[in-house]
Amino acid sequence: MDLATPMKVRPVDDCIWEIGPDAKPGMLVPARLYASGALLAGMDAGVFEQVTNVACLPGIVRASLCMPDGHWGYGFPIGGVAAFRADSGVISPGGIGFDINCGMRVLRTSLTEAEVRPRLGALVDALFGAVPAGVGAHGFLRLDAPAFREVMVEGAGWVVRRGYGRPADLAATEGGGCLPGADPVAVSDRALQRGMNQLGTLGSGNHYLEIQVVPPDGVHDAAIAAAFGITGPGQVLVMLHCGSRGFGHQIGTDYLRRFDEAMPRYGITVRDRELACAPFRSPEGQAYFGAMTAAANTAFANRQLITHRVREVMAHVLERPVEALGLDVIYDVCHNTAKLERHVVDGEMLELVVHRKGATRAFGPGTPDVPAAYRGFGQPVIIGGSMETGSALLVGTAHAMTETFGSTAHGAGRTMSRAQAKRRVWGETLIRAMGERGIVVRAASPAGVAEEAGFAYKDLAEVVETVHRLHISRRVVSLRPIGNIKG
Amino acid sequence: MGSWDVLDNIALADCAFEIHGCDLDDLFATAARALADLMVDPETVARDIERTVRLDAPALDLLLHDWMSELIFLKDSEQLIFPDIFVSAAAGPPRLTARLVGGRLDRSRAVLRADPKAVTFHQFALERRGAGWYARVVIDI
């Protein structure tokens, strides 16, 4: 098939395209792109280059994958998924991203849009004041180094045990909000200094805190939506998108440099310096895994603290007891991590280091580590869209376990640079236009709002439709924003 | 005096700089100014704090990487932004001494822009060009 793609691809199934291992010297496995024809045609050249570079990394199994929202990243494409044998493969910070455990959390409320709309402006203002966003922000919780090291190991549980949350929040978080293997000793003092004062902050770029509503045609699977506590159109939800802040960014920076220097000792060469890696079982690989897991746990803690602030603010502004608002966590899921998982490859159960960079875990029904409340139909998946267009809730599938190591898309994926977006619209103009459409926006940087305009992203509906068609996740609910807090 | 441009279509989600300096000192100082300008309107930052930074690295490009990473670190750890930078850099062995003039970020006064996470190695380049120096740096935001 003659597709206008930068490298030759062949269709292997509906919405599955493969680049053979002969496409580039050194490829150990094929590369697979999961995309509709339109999404594939819109993927930038970097995706093809990067997904095939990843296919050259030692110990990779089955294929180097790219989800439908894929776009050019650093080392790995955003949307990249790759699994490496734990016994003989590598771990690469480029397969996780600088924002370790960047992820999504969604809370249901017992409120309707009609109840919230009259106080929406005040609510968004108050949330903007309570959840610091943008450059130079620091959180309300002041920790010393020993306490922050406890957070690295205990994750969201540390926060909940100090009164900033509910035990049920942990049950509704990937890994219970605490991934095993965190090693504070592997974390630099610089990472500690950078991140210690940032717990409870949102960050900038595409991170957000949104008040959302289920639109009239938003429920696609009523039974699963009911299990999420979503009763129907008009219900208000709250969604967070943020990660490990400067702490994780510094760990990424530290280990990128360390792996860059370590690779010659292991005889590893890579096609892109951002793919710097080390054998998973090497001292460097284990140190990074320990530090990366520490950052992942602080990201869970960060989203938990923000959840607490959201509950406080909504109760205050809406003048109701917090218990009357619901505000229960439906789920919290990572989309920038590497995790040790067991998957069947060529009939053999293997222990794998599964890298997901801008890709969401999407475990199917019956899988351990999916909360008991959801185990019957699969792990909740949260796909965040642009600030203008909305988001989606889905569930993982049994097919994802065999097709994509239990992974799916994470967002809409950019199609336009930040500079291009800013040339097309002024931040203030966009904020005003969104206001006229009923979306209240408060941002630390109006220019940052312009960079996140809906036209700078792919069509979220197309991404969601594609993962649904691929059976790597199943569509449950669509959501549209009515209030947005940005850095 | 050096200059910088923002490049489109290298890093859709982030920010790519092309930096020109008339010499190595100028290149490093211009890179720092570009980074400060990415984070905040420099005119809205005080000039009441001065710092000296000394760095060395195994290679000249790694010195540039470490230098810009240091400025991001100061932004997060102490909320310090330094729009005025004076650098003395050497290629062999790679090292620099810099005098930084700026202030603590006052969020009520400063016009905030982006919050950089890290300096990447993506299409990272530092080289002589004609009589001057050239760098390409992609910042993850």
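What counts and how
Residues numbered from 1 in each chain as written. Chains lettered and ligands numbered in written order. Predicted model: local features only at pLDDT ≥ 70, side-chain atom pairs only at ≥ 80, totals over all residues. Helix = DSSP H or I, 4+ residues; strand = E, 2+ residues; numbered from the N terminus. Rg over C-alpha atoms; globule rule 2.2 N^0.38 Å. Buried ≥ 20, exposed ≤ 12 C-beta atoms within 10 Å, placed from the backbone. Contact = placed C-beta atoms within 7 Å. Nonpolar A, V, L, I, M, F, W, Y, C, P; charged D, E, K, R; others polar. Axes fitted to C-alpha atoms, helices over the stretch in contact; angles between N-to-C directions. Left-handed = near helix turned anticlockwise from the far one by under 90°. Pairing = 2+ DSSP bridges. Parallel < 35°, antiparallel > 145°, perpendicular 65-115°, else oblique. Expected span 1.5 Å × (residues − 1). Arc of directions from axis to C-beta.

Moving on, we come to the overall build of chain B. Counting its regular elements, chain B contains 2 helices and 8 strands. Along chain B, helices and strands appear, N-terminal first, in the series β-β-α-β-α-β-β-β-β-β. Whereas a compact globule of 141 residues would reach a radius of gyration of roughly 14 Å, chain B reaches 14 Å, a difference of no more than 12%. Oriented by its inertia axes, the alpha-carbon framework of chain B measures out at about 45 × 35 × 25 Å. Out of the 141 residues in chain B, the part that is buried amounts to 50%. At a minimum sequence separation of 6, the contacts of chain B that also span at least 24 residues come to 68%.

Below, the discussion takes up the interface of chain B and chain A. Listed per partner, the contact involves 28 residues of chain B and 35 residues of chain A. Looking at the side of chain B that touches chain A, the element that brings in the most residues is helix α2 (residues 60-78) of chain B, giving 5 residues. Here the residues of the side of chain B that touches chain A sort into 14 nonpolar, 6 polar and 8 charged.

Residue and element names in this part refer to chain B. Packing of helix α1 (residues 24-39) against α2 brings their axes to within 10 Å, and their N-to-C directions diverge by 35°. Relative to α2, α1 is oriented so that their crossing is right-handed. On the side of α1, the interface is formed by Phe28, Ala31, Ala32, Leu35 and Met39, while α2 contributes Leu64, Trp67, Met68, Leu71 and Lys75. Grouping the amino acids of the contact of α1 with α2 by side-chain chemistry returns 9 nonpolar, no polar and 1 charged.

Residues and elements named next belong to chain A. Overall, mixed pairing links the 7 strands, which are arranged β1-β2-β3-β4-β5-β13-β12 in an open sheet. Each edge of the sheet is formed by a strand with only one pairing partner; in this case those strands are β1 (10-13) and β12 (336-345). Neighbour to neighbour, the strand axes of the sheet diverge by 30° on average, direction disregarded. Judged from the 6 bridges that link them, strand β5 (residues 78-85) and strand β13 (residues 348-357) form a sheet pairing that is antiparallel. When the sheet's bridge partners are listed, Phe84 is paired in β13 with Val353. With respect to the sheet, helix α2 (residues 45-54) is in contact with β2 (16-19), β3 (31-34), β4 (64-71) and β5, its orientation differing from that of β4 by roughly 155°.

Residue and element names in this part refer to chain A. The contact between helix α5 (residues 145-154) and helix α11 (residues 283-318) brings their axes to 6 Å, and the two run at 95°. Relative to α11, α5 is oriented roughly perpendicular. Taking contact as the criterion, the partners of Val151, Met152, Val153 and Glu154 in α5 are, on α11, Ala294, Asn297, Thr298 and Ala301. Here the contact of α5 with α11 is built from residues that sort into 5 nonpolar, 2 polar and 1 charged.

On to the sheet that holds strand β3 (residues 49-56) of chain B, then. Residue and element names in this part refer to chain B. Strand order in this open sheet of 3 strands is β3-β5-β4, and the pairing throughout is antiparallel. Two strands close off the open sheet at either side, each with one partner strand: β3 and β4 (80-90). Averaged over all neighbouring strand pairs, the angle between strand axes comes to 20°, with direction disregarded. In the packing of α1 onto the sheet, contacts are made with β4 and β5 (95-104), and the angle to β4 comes to roughly 165°.

With that out of the way, let us pick up α11(A). All names here are of chain A. If you check α11, its first and last C-alpha atoms are 52 Å apart, about what 36 residues at 1.5 Å a residue would give, namely 52 Å. Judged by how many residues are buried, α11 sits mostly within the fold: 28 of 36 residues are covered. Backbone geometry just after α11 places Glu319 at a positive phi near 55°.

All names here are of chain A. Along α5, the positions that sit buried rather than exposed are Phe148, Val151 and Met152. All buried residues of α5 project into a common sector of 105° when viewed along the axis, lining one side. Buried residues along α5 sit against α6 (156-161), α8 (189-195) and α11. Gly155 lies just past α5 and shows a positive phi near 65°.

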